[in-house]
Amino acid sequence: MKSLMACHECDLLQRIPSVPEGRVALCSRCAAVLFRPKRNSLDRTLALNLTGILLYAVAVSFPFLALKTQGFVREAALLTGMKVLYQQGMSSLALLVTLTCILFPLIEMLSLLYILLPLKFGRKLPGAVRLFHSVQVLRPWGMMEVFMLGILVSMVKLAKMATIIPGTALWAFVLLIFVLAGSAASLDSHLVWEKLDRRA
Amino acid sequence: MKPAPLTAREANLIGCRLCHLLIPLPQEQDHCPRCGARLHQRQPNSIARCWALLIAAMLFYLPANLLPITISSALGTRQSDTILSGVLYLLNSGSWAIALVIFVASLFVPLMKMVILVFLLVSVQLRSSWRPKDRTRLYRLTELVGRWSMVDIYVVTIMVALVRLGALANVEAGPGAAYFAAVVILTMFAAESFDPRLIWDRMEDRNE
């Protein structure tokens, strides 16, 4: 039983394949990704998440973009757009953007730190199982990289009518996107679940 | 002939969808002993739930495209833009690359996603055995690209933050934006509630 698993997409029962680090274990019937073992998965994910939290702090606190036209300058931080949407009576939209681009990514980074740092020293903090469960459920709802594309589109749109001045936060945000992508790629949830097993 | 592939359900087991642990039936508790996720051999009411969310998304798709998503004013003139008129404006002003991004993310992807989900639902309900691997691939695709539809919402967020120059130029979010966000969220939930294992269940019946 311990050496078997079922594919989450087609339910095929199969032996847990032994896959070298850096390769992907695929379901033999439907080719779903079962898991991807990574070299130094814990260390890498931890390092990238720590970096991510620092970049995040810069990205939310410094000016993001400034718009300059005919002597007017309008500066915006990352949270300005959500505040303005709220003032315009679009509170549900403001909430949605805040959750997907501000809160969920932060919760994910902090949770991973809380779960993985103790795991590295062979410990489990209370609530780690529940937290990792939420991290995996919330993962598709963190959309910072989509926001990045939105920034690029807006910059091109606005470049016609005004000068756009990128701020400190924008550079931090760009780096953060890469760091988050790296963190997602280095996390091996299969390994984490084995270590977090509450029955052990 | 090759023996029929054995699934967890046939073997009286449940594979946890979140952490991949195999749990024997009967199981006293309905949560995975390792990760705490709810255990189901198949997602309960997957088809009905997916249809409901999908139909709601289709209904919202109309106001999302007919109502303005931004209302911009400049020097006394007001202009309302829907998603489509925004794409056409970009195309006419020569920013075809950006027009393409918005067209794909805001019009093409949500529509394709709804068409694919309808196709998958109907094929499962008709107990079709047509190319299960490709249908699973289609399902994976809808899960993967759905989030990118949010890009237009984020563009609106950034525009309202920056274009606040009083009488000179101002941008406001229109009601279409809220409907459009609802479409994206509903289709994401619809894709999540669809259980791809239903596509494969038919294969075992045929092998019997």
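The structure displayed is predicted, hence computed values, not measured ones.

1. What about the overall build of chain A?
Part 1 of the argument: Of regular secondary structure, chain A possesses seven helices and seven strands.
Part 2 of the argument: Ordered by position from the N terminus, the helices and strands of chain A form the series β-β-β-β-α-β-β-α-α-α-α-β-α-α.
Part 3 of the argument: Oriented by its inertia axes, the alpha-carbon framework of chain A measures out at about 70 × 35 × 30 Å.
Part 4 of the argument: Expressed as a percentage of its 200 residues, the buried residues of chain A come to 37%.
Part 5 of the argument: Relative to all contacts within chain A whose residues are 6 or more apart in sequence, the contacts with residues 24 or more apart total 60%.

2. As for the domain arrangement of chain B
Part 1 of the argument: Per the domain assignment, the segments of chain B are domain 1 (1-41) and domain 2 (43-207).
Part 2 of the argument: Measuring from the centre of the C-alpha atoms in domain 1 of chain B to the corresponding centre in domain 2 of chain B gives 33 Å.

3. Here's the deal with the interface of chain A and chain B
Part 1 of the argument: The interface of chain A with chain B comprises 51 residues on the first partner and 49 residues on the second.
Part 2 of the argument: Of all the secondary-structure elements, those providing two or more residues to the side of chain A that touches chain B are β1 (4-6), β5 (65-69), β6 (72-76), α2 (80-87), α3 (91-120), α4 (128-138), α5 (144-159) and α7 (189-196) of chain A.
Part 3 of the argument: It is α5 of chain A that provides the largest number of residues to the side of chain A that touches chain B, a total of 10 residues.

4. Comments concerning the environment of T157 of chain B
Part 1 of the argument: Tracing the backbone shows T157 of chain B in helix α5 (residues 151-162).
Part 2 of the argument: Judged by C-beta crowding, with 31 C-beta atoms within 10 Å, T157 of chain B ranks as buried.
Part 3 of the argument: Expressed as a C-alpha distance, the spacing of T157 of chain B and A173 of chain B, which sit 16 residues apart in the sequence, is 7.9 Å.
Part 4 of the argument: Residues in contact with T157 of chain B, not counting those within four places in the same chain, are G81, M82, L85 and V97 of chain A.

5. Comments concerning the pairing of strand β4 (residues 77-81) of chain B
All names here are of chain B.
Part 1 of the argument: Sheet topology places strand β3 (residues 70-74) next to β4; five bridges connect them, and they run antiparallel. What sits directly across from T70, in β4, is D81.
Part 2 of the argument: Two successive antiparallel strands, β3 and β4, enclose a turn made up of two residues, where L75 displays a positive phi of approximately 50°.

6. Digging into the pairing of β6 of chain A
Residues and elements named next belong to chain A.
Part 1 of the argument: Two strands pair when backbone bridges link them, and β5 and β6 are joined in this way by five bridges, in the antiparallel orientation. Bridged to L67 within β6 is R74.
Part 2 of the argument: Taking the residues that link successive antiparallel strands as the turn, the β5-β6 hairpin has two residues, and the phi of Q70 there is positive, at about 45°.

7. Re the sheet that holds strand β7 (residues 163-166) of chain A
Residues and elements named next belong to chain A.
Part 1 of the argument: Overall, antiparallel pairing links the three strands, which are arranged β6-β5-β7 in an open sheet. Looking along the sheet, the strands with just one partner apiece sit at the ends: β6 and β7. Direction aside, the axes of adjacent strands within the sheet are offset by 20° on average.
Part 2 of the argument: Strand direction decides the pairing type here: β5 and β7, joined by four bridges, are antiparallel. Each residue of the ladder has a partner; that of L67, found in β7, is I164.

8. Some words on the packing of helix α1 (residues 46-66) of chain B against helix α6 (residues 175-193) of chain B
All names here are of chain B.
Part 1 of the argument: In contact at an axis separation of 8 Å, α1 and α6 are set at 160° when each is read in the N-to-C sense. The pairing of α1 with α6 is recorded here as roughly antiparallel in orientation. Remark: the crossing between α1 and α6 carries left-handed chirality. On the side of α1, the interface is formed by S46, R49, C50, L53, L54, A56, A57, F60, Y61, P63 and A64, while α6 contributes G176, Y179, F180, A182, V183, L186, T187, F189, A190 and S193.
Part 2 of the argument: Of the residues contributing to the contact of α1 with α6, the split by class is 16 nonpolar, four polar and one charged.

9. Re the confidence of the model for chain B
Residues and elements named next belong to chain B.
Part 1 of the argument: Scored by pLDDT, chain B comes out at a mean of 90, with 95% of its residues at no less than 70.
Part 2 of the argument: Considering each helix and strand of chain B separately, the mean pLDDT is smallest for helix α7 (residues 197-207), with a value of 79, and largest for α1, with 97.
Part 3 of the argument: For this predicted complex, the interface confidence reaches an ipTM of 0.93, while the overall pTM sits at 0.92.

The rules behind each value
- Residues numbered from 1 in each chain as written.
- Chains lettered and ligands numbered in written order.
- Predicted model: local features only at pLDDT ≥ 70, side-chain atom pairs only at ≥ 80, totals over all residues.
- Helix = DSSP H or I, 4+ residues; strand = E, 2+ residues; numbered from the N terminus.
- Buried ≥ 20, exposed ≤ 12 C-beta atoms within 10 Å, placed from the backbone.
- Contact = placed C-beta atoms within 7 Å.
- Domains from an automatic or database assignment.
- Pairing = 2+ DSSP bridges.
- Axes fitted to C-alpha atoms, helices over the stretch in contact; angles between N-to-C directions.
- Parallel < 35°, antiparallel > 145°, perpendicular 65-115°, else oblique.
- Left-handed = near helix turned anticlockwise from the far one by under 90°.
- Nonpolar A, V, L, I, M, F, W, Y, C, P; charged D, E, K, R; others polar.
- pLDDT = per-residue confidence, 0-100.

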